[in-house]
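The lines below spell out each chain.
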Amino acid sequence: MPNAKVLEQKKAQVASLVEKIKNSPAGVLVDYKGINVADDTALRKELREAGVEYSVVKNTMLKFAAKELGFDGFIEHLNGTTAIAIGSDDVVAPAKILAKFAKGHDNFSVKVGFLEGAVVPASKVDELAKLPSKEVLIAQTLYSFNYPIMQLAIALNAIAEKGEADQEALVSTLVAEKAAEAAE
C-alpha cells in the first residue's frame, strides 16, 4: 500500500487533470512512442504557441480522471505511451497540430479526443483537424454577411450609371433637335 503522502499527491494530480479537462473545450490523446527529442521539442513549441497545453500523463492517472469525468471511451485507449493536449481558446488547434504532426511521423498517432465534454474517436479528431482556423471561419462568415449588401451596391451603382447614360442621351437628343429647329 502506498504511503499517505504519495497517495495524496496522486489524488491531487488526478483532480488537477480533471479540472483541466472540464475547463477545456477540446483535447486529444496521442501515442507518442518513437519520436525523437528534436521533433518532440518542435511539436511542444508549436502547441505552446497555439495556446495548447501538452504533457505526458500516466495511463493510470488518466484512467482515474476518465472515470471521474464519465469519459469511458478513454479507458480502452490508455495503453502504451500517452500524452494529452488540452486546448484553451481554439477548439481545433490541438486536433489540427497533432493530426498534421501524425501524418509526418509513423510512430506518432492520435488515439482519441474530447470535444465539449464528450469523447470523440480519432476519425472525428481528423475531421476537426480539417476545419479551417477560427479566423478563417470568422472571415468567411463576415463575407457571407457582406456579400448581399455588396451585390446591392453594385446593382444600385449600375442603375445609377445607366440612368446617367440615359439622361446624357436624352440631353444630346434634345440639343440636336433644338439645333435642327434653329437651323430651319
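The sections below set out a description of the structure shown in this document. Residue positions are given per chain, counting from 1 as you read along its sequence in written order. Predicted model: local features are reported for residues with pLDDT of at least 70 only, side-chain atom pairs are reported and counted for 80 or more only, and whole-chain, interface and lining totals are derived from all residues. Values shown for side chains rest on all heavy atoms present in the structure; no hydrogens or waters enter the calculation.

Section: the sheet that holds strand β5 (residues 118-121)
Backbone-to-backbone hydrogen bonds join strands into a sheet, with any given pair of strands oriented parallel or antiparallel. The condition that has to hold: Pairing between strands requires that DSSP locate at least two bridges from one strand to the other. A run of H or I in DSSP counts as a helix once it spans at least four residues, and a run of E counts as a strand once it spans at least two, with each numbered from the N terminus. Each axis is a line fitted through C-alpha atoms, taken for helices only over the stretch in contact, and angles between the N-to-C directions span 0 to 180 degrees.
Reading across from one edge, β2-β3-β1-β4-β5 is the order of the 5 strands in this open sheet, with antiparallel pairing throughout. The sheet is open, and its two edges are formed by β2 (52-56) and β5, each paired on a single side. Strand after strand, the sheet turns through a mean of 20 degrees between neighbouring axes, direction not considered.

As for the packing of helix α1 (residues 4-22) against helix α3 (residues 59-69)
Note the cut-off: Angles below 35 degrees are treated as roughly parallel, those above 145 as roughly antiparallel, those between 65 and 115 as roughly perpendicular, and all remaining angles as oblique. Take the far helix as the reference: if the near one is turned anticlockwise from it by less than a right angle, the crossing is left-handed, and if turned clockwise, right-handed. Contacts are assigned to residue pairs with any non-hydrogen atoms lying within 4.5 Å of each other. For this classification, Asp, Glu, Lys and Arg are treated as charged, while Ala, Val, Leu, Ile, Met, Phe, Trp, Tyr, Cys and Pro are nonpolar and the rest, including Gly, are polar.
Contact geometry for α1 and α3: axes closest at 9 Å, N-to-C directions at 55 degrees. The orientation of α1 with respect to α3, classified from their angle, is oblique. α1 and α3 meet at a crossing whose hand is right-handed. Touching K10, Q13, V14, L17, V18, I21 and K22 of α1 are M61, L62, F64, A65, E68 and L69, all from α3. Grouping the constituent residues of the contact of α1 with α3 by class yields 9 nonpolar, 1 polar and 3 charged.

Notes on the nonpolar core
In plain terms, the rule: As used in this record, nonpolar core signifies buried Ala, Val, Leu, Ile, Met, Phe, Trp, Tyr and Cys residues forming a set joined through side-chain atoms within 4.5 Å. Per-residue accessibility, obtained with a 1.4 Å probe over protein chains only, is compared with the maximum for each type, and a residue is labelled buried under 20%, exposed over 50%, and partly exposed between these values.
One finds V28, V30, L43, L47, Y54, L98 and F108 to be the most contacted residues of the largest nonpolar core, which totals 23 residues. Once residues lying within four places of it in the same chain are set aside, the contact partners of L47 are V52, Y54, I97 and L98. The next biggest cluster of nonpolar side chains, apart from the first, holds 18 residues, and it includes V14, A65, L78 and I84.

Observations regarding the side chain of D31
We count it as follows: Counted as a polar contact is a pair of N or O atoms within 3.5 Å, where, for protein atoms, one must be capable of donating a hydrogen and the other of accepting one, and residues adjacent in sequence contribute only when both atoms are in side chains.
For D31, the position within the fold is in strand β1 (residues 26-31). Overall, the relative accessible area of 10% leaves D31 in the buried class. A distance of 2.5 Å separates a polar atom in the side chain of D31 from a polar atom in the side chain of T81. The contacts of D31, once residues within four sequence positions are left out, are T81, N107, F108, S109 and K111.

A word on a nonpolar patch on the surface
Applicable threshold: Residues qualify for a patch when their relative accessible area is over 30% and they have no salt bridge, like charges being joined within 9 Å and the nonpolar side chains of Val, Leu, Ile, Met, Phe, Trp and Tyr within 5 Å. Computed by Shrake-Rupley with a 1.4 Å probe, the accessible areas treat only the displayed protein chains as cover when residues are assessed. We count a salt bridge whenever a side-chain nitrogen from Lys or Arg sits within 4 Å of a carboxyl oxygen from Asp or Glu.
Taken together, the side chains of Y143, Y147, M150 and I154 make up a nonpolar region of the molecular surface, amounting to roughly 400 Å² of accessible area. On the secondary structure map, Y143 appears in helix α7 (residues 134-183).

Some words on helix α6 (residues 122-130)
For clarity, the cut-off: Here the arc refers to the directions that run from the helix axis out to each C-beta atom.
Restricting attention to buried positions, one finds in α6 the residues V125, L128 and A129. Projected down its long axis, α6 shows its buried positions confined to an angular sector of 100 degrees, all on one face. Contacts made by the buried residues of α6 are with β1, α5 (93-104), β4 (109-115) and β5.

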